[in-house]
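The primary structure of each chain is shown beneath.
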Amino acid sequence: MPNESMSDIVIRAVAANERQQWEPLWRGYLAFYEKSVPDAVTDFTWARLIDPQDAIEGLMAWDGDAALGLVQYLLHPSTWNRGGNVYLQDLFVVPAARGKRIGRRLIAAVTEISKAKGAGVLYWQTEEFNGTARRLYERVAKRAPFVRYNIEL
């Protein structure tokens, strides 16, 4: 697991005793996208993050005792390669810490983990209105030519 330290920022795996620090980041992420989930889903997501047998993993960015950001991702099988792909599902940095390259550091940490897992592709998506994030993503990744379609179930 990378323990990437640049300046005083440390990026490390979410630990079972860090829910109190994780949950405000999770709620901030949901609020940014003007979404909400039932508390039971938040509980379920947390349980999955700290379960070493589950596919969902998470990292948090820390400055001392302050949690500044999170990234949550999962490795899944692919029909296009043997190592599977990593889907970066959630990425959030607290507003006061934006501009400090924390998002870039979180993506870099997931990139290294993805390589170590033997994944063929690391990918993610964002909403079109999220210009700030899209500027970062254009610098660290190649934009995919795919259009996404959803069926809400």
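Here is what the cut-offs are and how they apply
Residues numbered from 1 in each chain as written. Predicted model: local features only at pLDDT ≥ 70, side-chain atom pairs only at ≥ 80, totals over all residues. Heavy atoms only, no water. Helix = DSSP H or I, 4+ residues; strand = E, 2+ residues; numbered from the N terminus. Buried < 20%, exposed > 50% of the residue type's maximum accessible area, 1.4 Å probe, protein only. Contact = heavy atoms within 4.5 Å. Core = buried A, V, L, I, M, F, W, Y, C linked by side-chain atoms within 4.5 Å.

Caption draft 1: Just the side chain of S114, in detail. Tracing the backbone through its elements, the reader meets S114 in helix α3 (residues 102-117). When its relative accessible area of 4% is taken as the criterion, S114 is described as buried. Residues within four places of S114 in sequence aside, it is in contact with V86, A119 and L122.

Caption draft 2: Expanded view of the nonpolar core. L59, I102 and L106 are the most contacted members of the largest nonpolar core, which has 23 residues in total. Of all the secondary-structure elements, those providing two or more residues to this core are β2 (9-13), β3 (56-63), β4 (66-76), β5 (85-93), α3 and α4 (131-140). Ranked by residues supplied to this core, first place goes to α3 with six residues. In terms of nonpolar packing, the next biggest core, distinct from the first, is built from 17 residues, V14, Y29, W46 and L74 among them.

Caption draft 3: Broad picture of the environment of A141. Inspection of the secondary structure puts A141 in the segment after α4. Distance from A141 to G58, taken between C-alpha atoms, is 20 Å for residues 83 residues apart in sequence.

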